Amino acid sequence: MNQTAPQLRLRSAAGRGALLAAVLASGMVFLDSTVVNVALPRLGRDLDASVADLQWTLNGYLLMLAAFVLLGGALGDRFGRRRVFLLGVVWFTAASVLCGLAQGTGWLIGARFLQGAGGALLTPGSLSVLQSSFHPDDRGRVIGAWSGLSGVSTALGPFVGGWLIDALSWRWIFFVNLPLAVLVVLAALRWVPESRDEDVSRTRREGHGRRRFDVAGALLGALALGGVTYALIDAPGRGYGSPAVWGSALAGVAAAVGFVLLERHRGDTAMLPTGLFSSRLFSVLNIFTVVVYAALGGVTFFLSVYLQNVIGWSPLLTGVALLPMTVLLLIGSARAGALSARIGPRLPLTVGPVVAAAGLLLLREVRPGASYWVNVLPGVVLFGAGLTLVVAPLTASVLAAVADRFAGVASGFSNAAARAGNLLAIAALPLLVGLSGGGYEQRGELSGAFREAMLWCTGLLLVGAAMAVTLIHRPPREAPPSQPCHTLPAATPPARDRRR
């Protein structure tokens, strides 16, 4: 192994403490990816926000996560995963306080950009410290527990947010990160061992690699996502033929091309080593991630607003209505991870999106005056069951497709793919369904937009299922001698690095 960390065991106090720190930290990031959705109607009224303002409140955060999470993973691999992880926790928490103090949409959006940058340091570290620190026999269970409990925080967001908004204010959905951050810092300092990529550290010590971080690559990635996002969000207000819209779209595409060319040119010094994509499984899994998480992003944006502004529920009732997803993720993710380790990822990643799509078709038919038990609960349960089948197998499969020393950059890219899917869906769906301006406050306009958006999200899930059944296969059981072997989660065979 290329790690300096000891091999923790899950049954030990140190193992449980390290898992606690990682789960709470990633939970803060994932919580803030969803909790804001419940607050959008109240926040929009208090700050006099338009649909575009609400989109940027979500997408400013997601943009920074998607663009810089790779750099965060590389920083951890180079300078120490625990060190960068703790830096991300402190940064994220400080930005959360700024969000809670916001006096206008400009302030809030700016603080959300800063919050996303902190999350980009924190998120890859929370997973890579587990992958690099735990004994190989425990990694499957640890990653399954991390996926399930972190997924719970995502699903718990609407419930926690609803309670805080009703009881206190929408500002407290950001202030709640303060006590969580204190627990994370204490647990990490006490139980999380330091680790880094020893190949990189040895190169630096021997003076062979005066390699600078790929800041240019990170900036090009941010410009690519930001340009396309700006064009999609501002097109309804400025007009589809606006020079600003077309200019930002073209700039985004040009930046994306530049990013790919730069990463290929820099080779091993790149933020995203292109050699990772010689693994066909790694490539396919990340495309799958973008597609499925785009559907999830669209659902979380529209559903909470629809239940409040059309159905007439309070933020708390909206959160309670979505609570079954939390329960399913809590009790099922570890089992889904274990199942995937035994039979391979293809079946869970095929069935999960289909089940989730069936849930969305049921939710699409919810109308004012609908019964929760008859009209809402079945769709929520199916959608949650589908997510449960996807989250843990997808995470474990992505990490199993690359060598352990690339744990930081692989988990970073997987998170970037997920956030990019969220980002593009939130930017594009309102445009596709014709929702703009103050339309989210108009029942008739929002109702039609919601039903059409659920169809788009259903289509994305079915595309993901088709990809899984045709392109995702169980990795071969033995790695070829020419490639370095790497330790994988328990009961998961080594992945073959498939060269073009």
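Residues numbered from 1 in each chain as written. Predicted model: local features only at pLDDT ≥ 70, side-chain atom pairs only at ≥ 80, totals over all residues. Heavy atoms only, no water.

**Points about the overall build of the chain**
Within the chain, the secondary structure is distributed over 17 helices and zero strands. By the burial criterion, 59% of the 500 residues in the chain qualify as buried. For the chain, the proportion of contacts with a sequence separation of at least 24, taken over those separated by at least 6, is 83%. Here the chain displays about 18,800 Å² of accessible surface, and carbon together with sulfur accounts for 66% of that area. (Helix = DSSP H or I, 4+ residues; strand = E, 2+ residues; numbered from the N terminus. Buried < 20%, exposed > 50% of the residue type's maximum accessible area, 1.4 Å probe, protein only. Contact = heavy atoms within 4.5 Å. Areas by Shrake-Rupley, 256 points an atom, 1.4 Å probe, with all protein chains shown as cover.)

**Digging into the environment of Ile472**
Within the secondary structure, Ile472 is located in the segment after helix H17 (443-471). Each C-alpha atom of the pair Ile472 and Leu285 lies 7.4 Å from the other, and the pair is 187 residues apart in sequence. Beyond its immediate stretch of four places on either side in the chain, Ile472 contacts Leu281, Val284, Leu285, Phe288, Pro345, Arg346, Leu349 and Met467.

**Here's the deal with helix H3 (residues 81-100)**
Two residues of an α-helix separated by three or four positions point the same way, owing to the 3.6 residues in each turn. Helix length check: H3 (20 residues) gives 29 Å between terminal C-alpha atoms against 28 Å at 1.5 Å per residue, within 8%. All of the buried residues in H3 are Arg81, Val84, Phe85, Leu86, Gly88, Val89, Phe92, Thr93, Ala95, Ser96, Cys99 and Gly100. Buried positions along H3 lie against helix H1 (13-47), helix H2 (51-79), helix H4 (105-133), helix H6 (172-175) and helix H7 (177-191). (Expected span 1.5 Å × (residues − 1).)

**Description of the packing of aromatic side chains**
Summed over the entire model, instances satisfying the criterion amount to eight aromatic pairs. Seen from their ring centres, Trp172 and Phe175 are 5.3 Å apart, and the 80 degrees between their planes marks the pair as edge-to-face. With Trp172 and Phe175 both in helix H6 and three residues apart, the pair spans about one turn of that helix. According to the relative accessible area criterion, Phe175 is buried, its value standing at 17%. Arranged with centres 5.3 Å apart and planes meeting at 70 degrees, the rings of Tyr372 and Trp373 form a pair that is edge-to-face. An aromatic cluster is defined as three or more aromatic residues linked by ring pairs; in this entry it consists of Trp313, Tyr372 and Trp373. (Phe/Tyr/Trp six-rings, centres within 6.5 Å; stacked < 30°, edge-to-face > 60°.)

**Quick word on unusual backbone geometry**
A positive phi angle is found at Asp48, which is not glycine, with a value near 55 degrees. Topologically, Asp48 is positioned in the loop between H1 and H2.

**Some thoughts on the pattern of salt bridges**
Evaluation of the coordinates by the stated rule reveals three salt bridges. For Arg364, the salt bridge goes to Glu365, with nearest N and O atoms at 3.1 Å. The exposure class of Arg364 is partly exposed, given its relative accessible area of 21%. Across the pair Arg367 and Glu365 runs a salt bridge whose closest N-O atoms are separated by 3.7 Å. Classification of Arg367 as partly exposed rests on a relative accessible area of 34%. When salt bridges that share partners are traced, they join Arg364, Glu365 and Arg367 into one network. (Salt bridge = Lys/Arg side-chain N within 4 Å of Asp/Glu carboxyl O.)

**Some words on the packing of H2 against H3**
Running from N to C, H2 and H3 cross one another at 150 degrees; their axes reach a closest spacing of 8 Å. Here H3 runs roughly antiparallel to H2, going by the angle between their axes. Mapping the contact onto sequence places Tyr61, Gly72, Leu75, Gly76, Asp77 and Phe79 in H2 and Arg81, Arg83, Val84 and Phe92 in H3. Here the contact of H2 with H3 is built from residues that sort into five nonpolar, two polar and three charged. (Axes fitted to C-alpha atoms, helices over the stretch in contact; angles between N-to-C directions. Parallel < 35°, antiparallel > 145°, perpendicular 65-115°, else oblique. Nonpolar A, V, L, I, M, F, W, Y, C, P; charged D, E, K, R; others polar.)

**What to know about a nonpolar patch on the surface**
Taken together, the side chains of Leu87, Trp91, Leu98, Leu101, Trp107 and Leu114 present a nonpolar region at the surface, about 550 Å² in accessible area. Those elements giving two or more residues to the nonpolar patch turn out to be H3 and H4. Look at Leu101 and you get partly exposed, because its relative accessible area is 41%. (Patch = residues over 30% accessible without salt bridge, like charges linked within 9 Å, V, L, I, M, F, W, Y side chains within 5 Å.)

**A word on the environment of Leu65**
Inspection of the secondary structure assignment puts Leu65 in helix H2. As for Leu65 and Val29, which are separated by 36 residues in sequence, their C-alpha atoms are 9.5 Å apart. Among all residues touching Leu65, those that are not within four sequence positions of it are Val29, Gly116, Gly119, Ala120, Thr123 and Arg419.

**Details of the packing of H3 against H7**
Contact pair H3 / H7: the axes reach a minimum separation of 10 Å and the direction vectors enclose 165 degrees. As summarised for this structure, H3 and H7 are arranged roughly antiparallel, according to the angle between their axes. Considering the relative orientation of H3 and H7, their crossing is left-handed. Along its contact with H3, which presents Arg82, Phe85, Leu86, Val89, Phe92, Thr93, Ser96 and Val97, the element H7 presents Asn177, Leu178, Ala181, Val184, Val185, Ala188 and Leu189. The class makeup of the residues in the contact of H3 with H7 is eleven nonpolar, three polar and one charged. (Left-handed = near helix turned anticlockwise from the far one by under 90°.)

**Digging into the side chain of Gln115**
Summarising the element assignment, Gln115 is placed in helix H4. Looking at Gln115, its side chain comes within polar contact range of the side chain of Asp32, at 2.6 Å. Not counting residues within four places of it along the chain, the set of residues in contact with Gln115 comprises Asp32, Tyr61, Phe92, Ala95, Ser96, Cys99, Phe174 and Asn177. (Polar contact = N/O pair within 3.5 Å; in protein donor to acceptor, adjacent residues only side chain to side chain.)

**A few points about helix H9 (residues 215-238)**
The end-to-end C-alpha separation of H9 is 32 Å, in line with the 34 Å expected for 24 residues at 1.5 Å each. Residue Leu232 marks the point of greatest curvature in H9, where the axis turns by about 30 degrees; the proline Pro236 follows within four residues. Looking one or two places after H9, you find Gly239, whose phi comes out positive at around 100 degrees. (Bend = angle between axes of the 7 residues up to and from the residue.)

**Points about the confidence of the model for the chain**
The predicted coordinates of low-pLDDT regions are not to be read in fine detail. With 87% of its residues at a pLDDT of 70 or more, the chain shows a mean pLDDT of 82. Confidence scores differ between elements of the chain, with helix H8 (residues 198-206) showing the lowest mean pLDDT of 50 and helix H14 (residues 346-363) the highest of 96. Throughout residues 203-211 the model reports pLDDT below 50, and contacts reaching past four residues in sequence, or to other chains, amount to ten contacts. Below pLDDT 50 for its whole length, residues 477-500 participates in 54 contacts with residues either more than four positions away or in separate chains. (pLDDT = per-residue confidence, 0-100.)

**Comments concerning the environment of Leu362**
Tracing the sequence through the fold places Leu362 in helix H14. Its relative accessible area of 39% is what places Leu362 among the partly exposed residues. C-alpha of Leu362 to C-alpha of Leu377: the two residues are 15 residues apart in sequence and 9.3 Å apart in space. What Leu362 contacts, discounting residues up to four positions off in sequence, is Asn375, Pro378, Gly379 and Leu382.

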